[in-house]
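An overview of the molecular structure
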Amino acid sequence: VQLVESGGGLVQAGGSLSLSCAASGLTFSGYSMGWFREAPGREREFVAAIKPNGGSTYYANSVEGRFTISRDNAKKAVYLQMNSLKPEDTAVYYCAAGRAIVTTIRRASAYNYWGQGTQVTVSS
């Protein structure tokens, strides 16, 4: 299984970035997909998740209304559109795949497969 993130970079506060995650080696449509982030000195935290059929999405309070998660099962890809970025959004962003259910979908432990991460830096 391989998950490869792309789209990170440096952006000014208030700007936007779009992250992508390409999956291979798994039955993509059978997995919930999540985005997590890890800032220096902080634990990895949940950002957003989407159920296998894309019908349900979940967000951390800190990004609700600014970030949008989506997926394309035909392309085996998951996306994270990030708008109105803030300096506190600076982190390495990871995508993850797992057979998470509603009660566990915000937990990193519910995901079996992880990408290598992509750096997002928001300048003030």
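Placed above this text is the structure.
Before going into details, it helps to say that this report is about the structure given with it. (Residues numbered from 1 in each chain as written. Predicted model: local features only at pLDDT ≥ 70, side-chain atom pairs only at ≥ 80, totals over all residues. Heavy atoms only, no water.)

What follows concerns the overall build of the protein. A tally of regular secondary structure across the protein gives zero helices and eleven strands. Going residue by residue from the N terminus, the α and β elements of the protein occur as β-β-β-β-β-β-β-β-β-β-β. Oriented by its inertia axes, the alpha-carbon framework of the protein measures out at about 40 × 25 × 25 Å. Of all 124 residues assigned to the protein, the portion counted as buried reaches 44%. Here the contacts in the protein between residues at least 6 apart in sequence split such that 58% fall between residues at least 24 apart. (Helix = DSSP H or I, 4+ residues; strand = E, 2+ residues; numbered from the N terminus. Buried < 20%, exposed > 50% of the residue type's maximum accessible area, 1.4 Å probe, protein only. Contact = heavy atoms within 4.5 Å.)

Right, let's get into the pairing of strand 7 (residues 67-72). Every second residue of strand 7 is oriented toward a common face, the buried set being Phe67, Ile69 and Arg71 and the non-buried set Thr68, Ser70 and Asp72. In the sheet, strand 7 pairs with strand 8 (residues 77-82) via six bridges, with the strands oriented antiparallel. Bridged to Asp72 within strand 8 is Ala77. The turn joining strand 7 and strand 8, which pair antiparallel and follow one another in sequence, is formed by four residues; a positive phi near 55° is taken by Lys76. (Pairing = 2+ DSSP bridges.)

Let us look at the environment of Glu5. Note that Glu5 resides in strand 1 (residues 2-6). Among the residues examined, Glu5 registers a relative accessible area of 5% and is labelled buried. Glu5 sits 119 residues away from Ser124 along the chain, and the two C-alpha atoms are 24 Å apart. Look past the residues within four positions of Glu5 in its chain and what remains in contact with it is Ser20, Cys21, Trp35, Tyr93, Tyr94, Cys95, Gly115, Gln116, Gly117 and Thr118. Separated by 2.9 Å, the side chain of Glu5 and the backbone nitrogen of Cys95 make a polar contact. (Polar contact = N/O pair within 3.5 Å; in protein donor to acceptor, adjacent residues only side chain to side chain.)

As for its position among the elements, Arg66 is in the loop between strand 6 (57-59) and strand 7. Side chain to side chain, Arg66 and Asp89 meet in a polar contact 2.8 Å long. Excluding anything up to four places from it in sequence, Arg66 contacts Gln81, Met82, Asn83, Ser84, Leu85, Lys86 and Asp89.

This next bit is on the sheet that holds strand 1. Paired through their backbone hydrogen bonds, the strands of a sheet run either parallel or antiparallel. Here we have four strands laid out as an open sheet, ordered 1-3-8-7, and antiparallel in their pairing. The open sheet terminates on both sides in strands that have one partner only, identified here as strand 1 and strand 7. Each strand of the sheet is rotated relative to its neighbour by a mean of 15°, with strand direction disregarded. Bridge count for strand 1 against strand 3 (residues 17-24) is five bridges, and the pairing is antiparallel. Paired with Leu3 across the two strands is Ala23, which belongs to strand 3. (Axes fitted to C-alpha atoms, helices over the stretch in contact; angles between N-to-C directions.)

The biggest cluster of nonpolar side chains holds 39 residues, and the ones touching the most others in it are Trp35, Val78, Leu80, Met82 and Tyr93. When sequence neighbours within four positions are dropped, the list of residues in contact with Tyr93 reads Glu5, Leu19, Trp35, Phe36, Arg37, Val47, Phe67, Leu80, Met82, Gly117, Thr118 and Val120. (Core = buried A, V, L, I, M, F, W, Y, C linked by side-chain atoms within 4.5 Å.)

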